[in-house]
Amino acid sequence: MDLTHRPRRLRRDRVRGLVSETSLEPTDLIAPVFVDATTDERVPIESMPGHERVPIDESVARVEEVLETGVEAVMLFGIPESKDPEGTRAWAEDGVIQEALRRITSETDAYVITDVCLCEYTDHGHCGPLEEELRSEGGVAEDGPGCEPTLTVDNDATLEALEKIVTSHARAGADMVAPSGMMDGMVETIREALDGAGFEHVPIMSYAAKYESAFYGPFRDAADGAPSFGNRRHYQMDPANSREAMREVRLDAEQGADVMMVKPALPYLDIISAVRREFDHPVAAYNVSGEYAMLHAAAEKGWLDLEEVALESLLSIKRAGADLILTYFAEDVAQRLPAGQ
Ligand SMILES: [Zn+2]
């Protein structure tokens, strides 16, 4: 038997670190933070244990908690005090994100990224204002006959809203903006709006390949953003497609996106890996609420070791090719990683 090759030689304790191919550091992680203008106190999010919606008054304290763990970046999501069909509170100067941003950026050193979308701000919960579409097969109405008008998100009207949102976020201090609505042309529109307003230095992290995924379920509890009818499959991507993801990422690269995000992460590691191979941009992955909730649920039953599976999940996302990871595990995992590397 030829046993010249014994890979086990490099698995002994003191050599493992030397040959380790992937490492995870707190500075790779971004912690999502939910700011809620409808509450005066912190509200636990039942389907995402350990996470809360915090009032604007608590937003600085919440971000400081994140920073204490070694994580340096947060992604802000807002729940406005009121909603309407157009989502106008998304770009209000005294909107929930704008108020929280001014406080967080003046009082902390956090790198603050804002989610840029309308679904938390529209009363129908879709990612932009609606329009009627004739003979649509992919519209919002679940099962209308082919010739009935159905509703869909008005792409180009949404772009106009995104211009207003990103400039208001940048004025309030956003370090980076992250459009998540999967509208065609959103990156180009946002780049032009930022540059025109003097914010050439603000990068765009595009949710470039965002799938219409059932793994977002718990987030909808958190951000109160479930569509009141229909689904988002006419603007988010079909989970069956990977070549289309490359096309989406390429379009965003041409339009000037700085960071390319794939969402969700664990069920789409092949997409993360492909984006990593084909593009030079930093790749972000969103380890979404369902990925977090299912590990918590299994751990609650005693079926999994939560700390170990959380770490292994994030390591696998990094190994697949992500440079940065948005994750609800950010604080818990960062606290267990060796600091100051
Ligand atoms: Zn949205």
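Every residue gets a number counted from 1 within its own chain, in the order that chain's sequence is written. Local features in this predicted model are restricted to residues of pLDDT 70 or higher, and side-chain atom pairs are both shown and tallied only at a pLDDT of 80 or more, whereas totals for entire chains, interfaces and linings draw on every residue. The basis for every side-chain value is the complete set of heavy atoms in the structure, and neither hydrogens nor water enter the calculation.

Identification of the chain as Delta-aminolevulinic acid dehydratase from Haloterrigena salina JCM 13891 is taken from an unreviewed UniProt entry. UniProt positions are given in the numbering used here, feature names are shortened, and annotations may be inferred rather than shown by experiment. We quote the UniProt Pathway (unreviewed entry) comment for the chain here in full: "Porphyrin-containing compound metabolism; protoporphyrin-IX biosynthesis; coproporphyrinogen-III from 5-aminolevulinate: step 1/4." Here is the UniProt Sequence similarities (unreviewed entry) comment for the chain, exactly as written: "Belongs to the ALAD family."

1. Section: empty space enclosed by the protein
Buried and open spaces are told apart on a 1 Å grid over the protein atoms alone, a cavity being a set of points where a 1.4 Å probe fits but cannot get out and a pocket being an open set with protein on both sides within 12 Å along at least five of seven lines. Residues with an atom within 4 Å of a point are the lining residues. Grid points are joined across faces, edges and corners, and a volume is the space filled by probe spheres set on the points. Tallying each qualifying case throughout the model produces two cavities of 30 Å³ or more. Put simply, the largest cavity is a space of about 160 Å³. Lining of the largest cavity is provided by 17 residues; of these, C119, K210, F219, R232 and K263 occupy positions nearest its centre. Side-chain classes follow a simple rule in which Ala, Val, Leu, Ile, Met, Phe, Trp, Tyr, Cys and Pro form the nonpolar group, Asp, Glu, Lys and Arg form the charged group, and the remainder, Gly included, forms the polar group. Per-class residue counts for the lining of the largest cavity are seven nonpolar, four polar and six charged. Computed from the structure, the second largest cavity encloses a volume of approximately 50 Å³. Lining of the second largest cavity is provided by L76, F77, G78, A90, I97, D115, C117, E120, Y121, I165 and H169.

2. Considerations on the side chain of R53
Considering the arrangement of structural elements, one finds R53 in strand 3 (residues 52–54). A polar contact is formed between the side chain of R53 and the side chain of D36, at a distance of 3.0 Å. Put simply, DSSP H or I for four residues or longer makes a helix, DSSP E for two residues or longer makes a strand, and each gets a number counted from the N terminus. Under this definition, polar contacts are N or O atom pairs within 3.5 Å; protein pairs additionally need one hydrogen-donor-capable and one acceptor-capable atom, and for neighbouring residues in sequence, both atoms have to be side-chain atoms.

3. Let's talk about the UniProt feature "binding site: Mg(2+)" (unreviewed entry) in the chain
The positions that UniProt labels "binding site: Mg(2+)" (unreviewed entry) are, in the present scheme, E248. Within the secondary structure, E248 sits in helix 7 (residues 243–254). For every residue, the accessible area (1.4 Å probe, protein chains only) is compared with the maximum for its type, and the residue is labelled buried under 20%, exposed over 50%, or partly exposed between those bounds. The class of E248 is buried, set by a relative accessible area of 16%. Whether two residues are in contact is decided by their heavy atoms: any pair within 4.5 Å suffices. Beyond its immediate stretch of four places on either side in the chain, E248 contacts M182, A208 and M237.

4. Focus: the side chain of E291
Along the chain, E291 turns up in helix 9 (residues 289–300). For E291, which is buried and forms no salt bridge, the nearest opposite charge comes from K263, at a distance of 8.9 Å. A distance of 2.9 Å separates a polar atom in the side chain of E291 from the backbone nitrogen of A265. Within the structure, the side chain of E291 is placed 3.1 Å from the backbone nitrogen of L266, a separation counted as a polar contact. Note on charges: Lys and Arg go in the positive column, Asp and Glu in the negative column, and His and the chain ends are not counted at all. A pairing counts as a salt bridge when a side-chain nitrogen of Lys or Arg comes within 4 Å of a carboxyl oxygen of Asp or Glu.

5. Some remarks on the coordination of the zinc ion
In this structure, C117 (SG), C119 (SG) and C127 (SG) serve as the protein donors to the zinc ion, at separations of 2.2 to 2.3 Å. Assessed through its relative accessible area of 2%, C127 is described here as buried. Any N, O or S atom lying within 2.8 Å of the metal counts as a donor, and for Na, K and Ca the limit rises to 3.2 Å; water is left out, so some sites can look incomplete.

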